[in-house]
Amino acid sequence: MREERGTTTRVAAVLAAYNRRDLTLACVRSLRGQQVPGVAVDAFALDDASSDGTAAAIAEEFPEVTLLHGDGKLYWNGGMRRAFAAAIAGDYDYYLWMNDDTELDDGALAVLLDTERQLRHHGHDTVIVAGSTRHPDTGELTYGGVVRPHRWRPMRTELVEPGDTPRPCDTMNGNATLISRAVVRRVGNIDPAFVQQMGDFDYGLRARAAGCSVWIAPGTVGTCASHPKRRPGEQALGDELRQLWSIKELTPRSWAIFCRRWAGRLWPLYWLSPYVRRGARLILERAPLRRPRPVGP
């Protein structure tokens, strides 16, 4: 935990919030409960013009939090980017990315910091440590570190199951992720090319390209429910196609940038693939069944 510096280790927790007041308050309460000897935690929260009183509730219960305000159009990547920038200006030892619906277990920050210390001790001096989260009701693994296991399917990712020791990853979700100052000095902030999706995956991949490494800590560090998507057939065909390329899913421009960076020379095919697959599936599912013609006179 940077004991060699002989000073307090400073951690900046960063989160973006939007219209999830109760979950956001639970998130910040869990952060306040992280008591680690020799560690001081400051929180930076970006409220993106919530209409449910999130900003006022944070200010009332947590006056020590640096509260920033968006215009309602920042989404996850934009909100996190702005809050992260404010934290980076303070030159902290570590930065803890959190989703506003992540609730940390007691001792979670200590686990993340201790994992980073162990990795540095073994020669990994520039690391990101992702904390795995579980569903609050089912206990199912929801977010954490991911790998790209298929050479010929570079855009497909799989969650890494946490074990008793740190495990390497290709990149990570940003739901409960510890990033060292050394990483930030190499990689910088979240890329503004991304709006709601892909900014965290891109950051981890950029970090590895810059010579850093990405790991998951042992076990899980908290809860965060996964966000189910609508199944094909639940909306009108046009609405479903529009949803696919909406900000909440695969915005064509951002998806193109991500594919161009990380899918290799065949990136246009990988960029087009999800749109073609979704469109074809929807058309087939909605096509009327042809009845066989009657035989005989």
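Note that the structure is predicted; figures quoted are calculated from it, not measured. (Residues numbered from 1 in each chain as written. Predicted model: local features only at pLDDT ≥ 70, side-chain atom pairs only at ≥ 80, totals over all residues. Heavy atoms only, no water.)

A tally of regular secondary structure across the protein gives nine helices and 13 strands. A separation of at least 24 residues holds for 74% of the contacts in the protein among residues at least 6 apart in sequence. Carbon and sulfur atoms form 52% of the exposed surface of the protein, whose accessible area is close to 15,300 Å². (Helix = DSSP H or I, 4+ residues; strand = E, 2+ residues; numbered from the N terminus. Contact = heavy atoms within 4.5 Å. Areas by Shrake-Rupley, 256 points an atom, 1.4 Å probe, with all protein chains shown as cover.)

What follows covers the pairing of strand β3 (residues 66-69). Looking at chain direction, strand β2 (residues 39-47) and β3 are connected through four bridges and run parallel. Each residue of the ladder has a partner; that of L46, found in β3, is L68. On the question of chirality, the crossover connecting β2 to the parallel β3 by way of helix α2 (residues 54-61) is right-handed. (Pairing = 2+ DSSP bridges. Right-handed = clockwise from strand over helix to strand, strands pointing away.)

A few words now on the packing of helix α6 (residues 199-209) against helix α8 (residues 252-262). Where α6 meets α8, the closest approach of the two axes is 11 Å, and the angle between their N-to-C directions is 25°. Relative to α8, the element α6 lies roughly parallel. Regarding α6 and α8, the two cross each other, and that crossing is left-handed. Residues F201, D202, L205, R206 and A209 of α6 pack against F258, R261 and W262 of α8. Classifying every residue of the contact of α6 with α8 by side-chain character gives five nonpolar, no polar and three charged. (Axes fitted to C-alpha atoms, helices over the stretch in contact; angles between N-to-C directions. Parallel < 35°, antiparallel > 145°, perpendicular 65-115°, else oblique. Left-handed = near helix turned anticlockwise from the far one by under 90°. Nonpolar A, V, L, I, M, F, W, Y, C, P; charged D, E, K, R; others polar.)

What follows deals with the packing of aromatic side chains. Counted under the stated rule, the structure contains 10 aromatic pairs. Here the aromatic rings of W76 and W97 are separated by 6.2 Å at their centres, their planes lie at 80°, and the arrangement is edge-to-face. Within this pair, whereas W76 is found in helix α3 (residues 75-88), its partner W97 is found in strand β4 (residues 94-99), the two being separated by 21 residues in sequence. Here W76 falls in the buried class, since its relative accessible area comes to 12%. Of the residues examined, W97 reaches a relative accessible area of 0% and is grouped as buried. With a centroid separation of 5.5 Å and an interplanar angle of 90°, the aromatic rings of F84 and W97 are classed as edge-to-face. Taken as a pair, F84 in helix α3 and W97 in strand β4 lie far apart in primary sequence, 13 residues in all. On the accessibility criterion, F84 (0% relative accessible area) is buried. These aromatic residues form a ring-pair network of at least three members: F44, W76, F84, Y92, Y95, W97 and Y203. Over the face of the ring belonging to Y92 we find R10, whose NZ or CZ atom lies 4.0 Å from the ring centre. Between R260 and the ring centre of W267, over which it is positioned, the NZ or CZ distance is 5.5 Å. (Phe/Tyr/Trp six-rings, centres within 6.5 Å; stacked < 30°, edge-to-face > 60°. Buried < 20%, exposed > 50% of the residue type's maximum accessible area, 1.4 Å probe, protein only. Lys NZ or Arg CZ within 6 Å of the ring centre and 35° of its normal.)

Time to look at α2. Among the residues of α2, those classed as buried are T54, A55, A57 and I58. Projected down its long axis, α2 shows its buried positions confined to an angular sector of 165°, all on one face. Facing away from the buried side of α2 by more than 90 degrees, the exposed set consists of A56 and E60. (Arc of directions from axis to C-beta.)

With that settled, consider unusual backbone geometry. Backbone geometry places A49, a non-glycine residue, at a positive phi of 60°. Mapping A49 onto the fold places it in the loop between β2 and α2. Classification of A49 by relative accessible area gives partly exposed; the value is 40%. Of note, D91 is a non-glycine position whose phi angle comes to about 50°, a positive value. As for its position among the elements, D91 is in the loop between α3 and β4.

In an α-helix, one turn spans 3.6 residues, which is why side chains three or four residues apart end up on the same side. Taken across its 11 residues, α6 has nine buried, putting it largely inside the fold. Those residues of α6 not exposed but buried are G199, D200, F201, D202, Y203, G204, L205, R206 and A207. Looking at the residues trailing α6, positive phi occurs at G211, about 95°.

Let us now look at the environment of A26. Following the sequence through the fold, A26 ends up in helix α1 (residues 21-32). When its relative accessible area of 17% is taken as the criterion, A26 is described as buried. Spatially, the C-alpha atoms of A26 and E103 are 6.4 Å apart, while their sequence positions differ by 77 residues.

A few words now on the layout of surface pockets. Rolling a probe over the atoms, with the probe sized like a water molecule, indicates the empty space that remains. In this structure, the second largest pocket occupies an estimated 190 Å³ of space. Contributing to the lining of the second largest pocket are V28, L31, R32, Q34, Q35, V39, A40, V41, D42, A43, E64 and V65. Among the secondary structure elements, those contributing two or more residues to the lining of the second largest pocket are α1 and β2. Grouping the constituent residues of the lining of the second largest pocket by class yields seven nonpolar, two polar and three charged. (1 Å grid on protein atoms, 1.4 Å probe; cavity = no way out; pocket = protein on both sides within 12 Å on 5 of 7 lines; lining within 4 Å. Points joined across faces, edges and corners; volume = space filled by probe spheres on them.)

Everything listed here is a matter of geometry and, on its own, says nothing about what the molecule does.
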